[in-house]
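Here is what each chain is made of, one letter per residue.
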Amino acid sequence: MFTLAEVASLNDIQPTYRILKPWWDVFMDYLAVVMLMVAIFAGTMQLTKDQVVCLPVLQSTVNSKAQPGTSGKADFTTVETTTGQGEEASMRTVSFGSAPTVTPDVPLSRATSSQYQPTESGQELKKEQKDSSGRKTNLDFQQYVFINQMCYHLALPWYSKYFPYLVLIHTIILIVSSNFWFKYPKTCSKIEHFVSILGKCFESPWTTKALSETACEDSEENKQRLTGAQSLPKYVSTSSDEGSPSASTPMITKSGFKFSADKPMIEVPSVTILDKKDGEQAKALFEKVRKFRAHVEDSDLIYKLYVGQTVIKTVKFIFILCYTANFVNTISFEHICNPKVEHLIGYTQFECTHNMAYMLKKLLISYISLICVYGFICLYTLFWLFRIPLKEYSFEKVREESSFSDIPDVKNDFAFLLHMVDQYDQLYSKRFGVFLSEVSENKLREISLNHEWTFEKLRQHVSRNAQDKQELHLFMLSGVPDAVFDLTDLDVLKLELIPEAKIPAKISQMTNLQELHLCHCPAKVEQTAFSFLRDHLRCLHVKFTDVAEIPAWVYLLKNLRELYLIGNLNSENNKMIGLESLRELRHLKILHVKSNLTKIPPNITDVAPHLTKLVIHNDGTKLVVLNSLKKMTNVAELELQNCELERIPHAIFSLSNLQELDLKSNSIRTIEEIISFQHLKRLTCLKLWHNKIVNIPSSITHIKNLESLYLSNNKLESLPAAVFSLQKLRCLDVSYNSIALIPVEIGLLQNLQHFHITGNKVDILPKQLFKCVKLRTLSLGQNCITSIPDKVSQLLQLTHLELKGNCLDRLPATLGQCQLLRKSGLVVEDHLFDALPSEVKEVLNQDTSIPFANGI
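Scoring rules and cut-offs
- Residues numbered from 1 in each chain as written.
- Predicted model: local features only at pLDDT ≥ 70, side-chain atom pairs only at ≥ 80, totals over all residues.
- Heavy atoms only, no water.
- UniProt positions renumbered as here; feature names shortened; annotations may be inferred.
- Helix = DSSP H or I, 4+ residues; strand = E, 2+ residues; numbered from the N terminus.
- Buried < 20%, exposed > 50% of the residue type's maximum accessible area, 1.4 Å probe, protein only.
- Contact = heavy atoms within 4.5 Å.
- Areas by Shrake-Rupley, 256 points an atom, 1.4 Å probe, with all protein chains shown as cover.
- Expected span 1.5 Å × (residues − 1).
- Disulfide = S-S within 2.5 Å.
- Pairing = 2+ DSSP bridges.
- Axes fitted to C-alpha atoms, helices over the stretch in contact; angles between N-to-C directions.
- Phe/Tyr/Trp six-rings, centres within 6.5 Å; stacked < 30°, edge-to-face > 60°.
- Lys NZ or Arg CZ within 6 Å of the ring centre and 35° of its normal.
- Salt bridge = Lys/Arg side-chain N within 4 Å of Asp/Glu carboxyl O.
- Core = buried A, V, L, I, M, F, W, Y, C linked by side-chain atoms within 4.5 Å.
- Domains from an automatic or database assignment.
- pLDDT = per-residue confidence, 0-100.
- Arc of directions from axis to C-beta.

In the nomenclature of an unreviewed UniProt entry, the protein is known as Volume-regulated anion channel subunit LRRC8D of Aptenodytes patagonicus. The heading Sequence similarities (unreviewed entry) in the UniProt record of the protein holds the text "Belongs to the LRRC8 family."

Here is the structure:
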C-alpha cells in the first residue's frame, strides 16, 4: 500500500517553479488532487465495505411443497457475508424438520453448533417458529458464502469493481502530464537555470536602482517640459519620445558622422550609489543572462513539450469522458446472478444486492464533473497557446515605461518562458528586461568603474615617458573613468582594450592633452568632446583588428599632425582597402601605417600636398602597386619595411624632396637602380639594412649629399672604394655581413662620425681608419682583430668603442688619450680592461656623473 502523501508527491514541484505555473495549471493541479482523493476514498470503501448479498430465486415446484403452516408467507433466510474480506459474519441457524435453516442476528459459532447442542425448551422453539417468516431454502451458511463470492465476480459489472483503480491511474497520468516539462532532462536544466536567474534579477539591488533612476529621469524631464503640472504624479512621464537613448550618452554613430544633440545631464541622487559586492553580482548577472539567452533562443523544445503535454491531457479528458459516461447506468443496487452451479447449490438463479452501488454512483458523477472542468481548462489552455505567437516576446511596454529603449525582443523558448512568467506576475519580466539592456549594463559598468577608479588612484598611475611627458595608460577596463578628465595636466592618454570607451565633454578640461592612443578601443565621443579634440589633438595612435573599428571621427580631426594606424586595412580578402577619405586631415604631416597592404591606399593621396613622412610597415605581404607614391612630392621621409620588395621601386625616384629612405627587412638582392638617386638632390640618409644585397655598385658615388648609409645584415663581402668617395658621409653601418677587409680609402671620410662593422671577418685595422678624427662611435666587435694600433689615441672625440668578441691579447695604453672615452663607453672583456695600466684605468674611471651634473 502507498499513502496519500506518496501519491501527492508526484504533483509536487519546487517552490521556485511556481512562477512558471499559470492559473490554469494551478487549478488543474488542485483538480487532480481532488480526483486523487476520490480515487483513494472509493478504493478504501471498496476494500473495507464492498459486498454483495444474494438470495436464491425459488421455483414454483419448491413453492408447492411448502408446509401448510407457511403457505401464506415466503420463507426468509439470509446470510450476510463479505466478499473475501475475512470478516466474521453474524448468523443464526434454525432447523425446520431435517434441513437446517440459517437466520440472521445469531453468531456463526452458535449457528454451526446448533446441530449438536441440545435444543431449548419446546416453548421457546415453538415461539421462534411462530415468529419466523419468509420462504424456506435448503442452503447452509457455506453455500451462501460461496454464492455471494461467485456472484460478486459474475453479476457485478466490471466498472463497479475497478472504478477506484481506473480513477487513480487516470489521475496519475494527468499529474505526470502536467509537470513533465519540469522533469524532462533536456528542459528541466534550462527551466532551473531560468528560474534561478530570474529570481536573482528580481531581487538584485541594481534592478531597483536602475528603475528608480529611470523614474527620476522621467520626473525631471516632465518638470522641464511641462509647467503648471504639479498635480501630476511624481513618476509619471508624459514625454512623447520615451524609450529614446539616455541623455547622458549622445554619441557619434558608427556608420556616419552624425552627432546626437546635447542634453542637460540630470544628476540623480543616491540611487546611483552601489556597493562593490552588489555591483559585481549585477555584472555577473548580465553575463549569465547573455549566455542563457544565446543558449535558449536557438530552440523551441520547451514550447513544444508544453503544447504536447497539454494536447495529451485534452485527449485523455475526451477518452475518459466518452467511456465513463456509458457506465453510469450500469451501476445498480440489484443484480440477477446465474452462477451455473446447480449441482452444488440446487438453485440456478439468484437475486443479489450491491451495498456500494449508491456511493459509487455518486462518486462517479462527481468524478465526471471534475473531469469536465479539467477538460474545459485544457481547451482554454490550447486556445491560449495558439491565440498569440508565444515564440515571440516583445518588451515594447517596458521600453515605453523606462529609458532602456534598447531592450531586445526575444524568441523561441526564451520568449515562451517569459510569457509564462507574465501569467504569474508581469513585474518579473519588467525587472528581467533591465538585464537585457546594453544601456543598463553600461550604466552599471560606469558606476562600478567610477567607484573603483578614483582621482587619487589614477594620479598614482600617471608616469613620465621617454619624451618627459605625463602619460596615463588604462588597460582592459569596462570604460573610461570620469576622474580621468580631471587630470588637467596630462599630456598623453593611452586607452587599450576598452570596448565601451566614451569620451565626454569633460575632456575639454585637459588643455595639455595633445597625444591620444586607442588600442582596440573604438571610442565614442560627444559632440563637445569632438570639437575639443579636433582643435587640440596633435598625435593619434589607433590600433585595430578590422578597419571598421577605426572611429569615424578620426577622419575629421583637421588639426591632427601625426596619425599612426596599426591593423588590418584590407577587407573582403584584400580586394579593397577600407580606409576612408583623409581629405579633412589638412595639417597631417606624419602618416604611419602598419598593416598587410598589397598596394598603397589611394586615400593617402588626399594628404599628399602636406605629408612630409610616410611609413608603411607590412607583415610580410608583398607590396605590389606603388604608383600612388609618385603623388607624394613633398614627402621627406619614406619607410617601406617588410614589404617583400625585390628591387628599389621606381616610383621613389619621383620624390624630389625625399631626404631619408628606409627599405628595411625586404628581399632586395641588387641595387643597380641606385644611380637614379642622383636626381634626389636632398637625399641624405639611405637605409638598405636587413636585405639580401651582395655588392654595392660604384654608381653610389652619384649620391653626393648622402650623410648616412645603413647596409647592415646583408650579404656583403667587400666594400668598394666608391663608398669612400662620399665626402659628406657621417654614418656608415655595415655590421653583420661577411666583410674581411676595411679598405685604406676609409681615411678619405673626414666627416665620418659613426662607423659600425660589428659581426664581420675583419682581422686587421688599417692605420688610415684613425685619420677619421671626428669619429665618435667605433663598433669593431665580433670580428677577428688581434691588435689595436696605438694611433687610436688620435680619435679625440671618441665616446663609444666596442671591441668585445675579438682575439685581442691586450689594449693599447694610448686609450687614455681619448679624452671623451669612459669605461661605460668601452665595450670589452673584463680581463683586458684590468690589464691596462692603472693610470689609464684611472682616466677611464673618471666620474661619469660629471656630464650628468653639468646637464642639470
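Engineer: Kindly report on the overall build of the protein, identifying the contributing residues and their values.
Structural biologist: In terms of helices and strands, the protein carries 22 helices and 28 strands. Relative to its 856 residues, the protein shows a buried fraction of 48%. Taking all contacts inside the protein whose residues are at least 6 apart in sequence as the whole, residues at least 24 apart take part in 55%. Surface exposure of the protein reaches about 42300 Å², of which carbon and sulfur atoms provide 53%.

Engineer: Any chance you could break down helix α15 (residues 412–424) for me, citing the residues and the numbers?
Structural biologist: With 13 residues, α15 extends 19 Å between its outermost C-alpha atoms, agreeing within 8% with the 18 Å of an ideal straight helix rising 1.5 Å per residue. Restricting attention to buried positions, one finds in α15 the residues Asn412, Asp413, Phe414, Ala415, Phe416, Leu417, Leu418, His419, Met420, Val421 and Asp422.

Engineer: Run through the state of the cysteines, naming residues and quoting values.
Structural biologist: Taken as a whole and judged by the stated rule, the model has two disulfides. Each sulfur in the disulfide pair cysteine 54 and cysteine 352 lies 2.0 Å from the other. Handedness of the cysteine 54-cysteine 352 disulfide follows from its S-S torsion of about 110 degrees: it is right-handed. One end of the pair, cysteine 54, is in strand β1 (residues 52–56); the other, cysteine 352, is in strand β5 (residues 350–354), with 298 residues separating them in the sequence. Each sulfur of the disulfide joining cysteine 151 and cysteine 337 lies 2.1 Å from the other. One quick way to see it: the torsion about the S-S bond of cysteine 151 and cysteine 337 is about -90 degrees, and its sign makes the bridge left-handed. Residue cysteine 151 is located in helix α6 (residues 141–154), and its partner cysteine 337 is located in strand β4 (residues 334–337); the two are separated by 186 residues in the primary sequence.

Engineer: I'd like a rundown of the side chain of serine 204, residues and numbers included.
Structural biologist: Inspection of the secondary structure assignment puts serine 204 in the loop between α8 (185–203) and α9 (205–225). In this structure serine 204 comes out as buried when scored by relative accessible area, which is 7%. Beyond its immediate chain neighbours, meaning those up to four positions away, serine 204 contacts Ala282, Leu285 and Phe435.

Engineer: Account for the sheet that holds β1, with residues named and values stated.
Structural biologist: Taken in spatial order, the three strands of this open sheet run β1-β5-β4, and their pairing is antiparallel. Each having just a single partner strand, β1 and β4 make up the two edges of the open sheet. Taking each pair of neighbouring strands and ignoring which way they run, the sheet shows an average axis angle of 25 degrees. As defined by bridge partners, β4 adjoins β5 across four bridges and the pair is classed as antiparallel. Looking across to β5, one finds that glutamate 334 is bridged to threonine 353. Those strands touched by α6 are β1, β4 and β5, and its axis lies near 115 degrees from that of β1.

Engineer: Explain the side chain of serine 708 to me, using residue names and the numbers behind them.
Structural biologist: As for its placement among the helices and strands, serine 708 is situated in strand β23 (residues 708–710). Residue serine 708 is classed as buried on the basis of its relative accessible area of 15%. Setting aside residues no more than four positions away along its own chain, serine 708 makes contact with Thr684, Cys685, Leu686, Leu729 and Cys731.

Engineer: Help me get a handle on the pairing of strand β12 (residues 515–519), residues and values and all.
Structural biologist: For β12, the buried fraction is high: five of the five residues fall into the buried class. Here β12 shows no split at all, with Glu515, His517 and Cys519 on one side and Leu516 and Leu518 on the other all buried. Here β12 runs beside strand β14 (residues 539–546); their pairing, made up of five bridges, is parallel. Along β14, the bridge assignment pairs cysteine 519 with lysine 543.

Engineer: Provide a residue-level description of the pairing of β14, including the pertinent values.
Structural biologist: Judged from the six bridges that link them, β14 and strand β15 (residues 562–568) form a sheet pairing that is parallel. Of the residues in β15, the one forming a bridge with lysine 543 is isoleucine 566.

Engineer: Mind laying out the packing of aromatic side chains, listing which residues take part and the relevant values?
Structural biologist: Under the criterion given, the structure shown has 28 aromatic pairs. Relative to tryptophan 384, the ring of tryptophan 24 lies with its centre 4.8 Å away and its plane at 50 degrees, an arrangement referred to as tilted. Taken together, the positions of tryptophan 24 in helix α2 (residues 23–49) and tryptophan 384 in helix α13 (residues 357–387) put the pair 360 residues apart, joining distant regions of the chain. Both residues of the pair, tryptophan 24 and tryptophan 384, belong to the buried class. Judged by centre distance (5.6 Å) and plane angle (90 degrees), the ring pair of phenylalanine 292 and phenylalanine 414 falls under edge-to-face. Taken as a pair, phenylalanine 292 in helix α10 (residues 276–296) and phenylalanine 414 in helix α15 lie far apart in primary sequence, 122 residues in all. Judged by its relative accessible area of 2%, phenylalanine 292 falls in the buried class. According to the relative accessible area criterion, phenylalanine 414 is buried, its value standing at 0%. Of the aromatic side chains, those joined through ring pairs into one cluster are Trp158, Tyr159, Phe163, Phe319, Tyr323 and Tyr367. Looking at lysine 687, its charged tip hangs above the ring of tyrosine 710, at a distance of 5.2 Å from the centre.

Engineer: Which residues make up the pattern of salt bridges, and what are the values?
Structural biologist: The full count for this structure, using the stated rule, is 19 salt bridges. Put simply, glutamate 287 and arginine 290 hold a salt bridge, and the shortest N to O gap is 2.5 Å. Of this pair, glutamate 287 and arginine 290 both sit in helix α10, three residues apart, roughly one helical turn. Under the relative-accessibility criterion, arginine 290 is labelled partly exposed at 36%. Taking the shortest distance from any N to any O, the salt bridge between aspartate 300 and lysine 391 comes out at 3.0 Å.

Engineer: How would you summarise unusual backbone geometry if you had to cite specific residues and measurements?
Structural biologist: Positive phi, normally seen in glycine, also occurs at methionine 476, with a value near 55 degrees. As for its placement among the helices and strands, methionine 476 is situated in the loop between β9 (470–475) and β10 (492–496). Classification of methionine 476 by relative accessible area gives exposed; the value is 54%. Phi is positive for glutamine 782, close to 55 degrees, though the residue is something other than glycine. One can find glutamine 782 in the loop between β26 (777–779) and β27 (800–802).

Engineer: Mind laying out the nonpolar core, listing which residues take part and the relevant values?
Structural biologist: Ranked by size, the top nonpolar core spans 133 residues in total, and within it Phe677 and Phe755 carry the most contacts. Sorting elements by how many residues they give to this core places helix α19 (residues 527–536) first, with four residues. Summarising the domain contributions, this core has at least three residues from each of domain 2 (454–532) and domain 3 (686–848). Core analysis: the next-biggest nonpolar cluster, separate from the first, contains 81 residues, Ile19, Tyr367, Phe395 and Phe414 among them.

Engineer: Pulling in residues and values, what's your account of the confidence of the model for the protein?
Structural biologist: If pLDDT is low for a region, its predicted coordinates should not be looked at in detail. The predicted model of the protein averages 79 in pLDDT, with 79% of residues at 70 or higher. Mean pLDDT per element in the protein: strand β2 (residues 90–96) is the minimum at 34, and strand β25 (residues 754–756) is the maximum at 97. In the predicted structure, residues 218–272 sits below a pLDDT of 50 and forms 75 contacts with residues beyond four places in sequence or in another chain. With pLDDT under 50 throughout, residues 849–856 is counted as low confidence; its partners more than four residues away or in other chains account for zero contacts.

Engineer: Quick one: what's the story with the UniProt feature "transmembrane region" (unreviewed entry) in the protein, residue by residue and with numbers?
Structural biologist: Here the UniProt feature "transmembrane region" (unreviewed entry) sits at residues 27–47, 162–182 and 364–386. Between the end C-alpha atoms of residues 27–47 the distance is 30 Å, and the span holds 100% helix and 0% strand. Secondary structure content for residues 364–386 is 100% helix and 0% strand, and the end C-alpha separation is 33 Å.

Engineer: Residue-level account of α10, with values.
Structural biologist: With 21 residues, α10 should cover 30 Å at 1.5 Å per step; its first-to-last C-alpha distance of 30 Å lies within 8% of that length. Turning to α10, its buried residues are Asp278, Gly279, Ala282, Leu285, Phe286, Val289, Phe292 and Val296. Here the buried residues of α10 occupy an arc of 150 degrees about the axis, which is enough to place them on one side. Of the exposed residues in α10, those oriented more than 90 degrees away from the buried face are Lys276, Lys277, Lys291 and Ala294.

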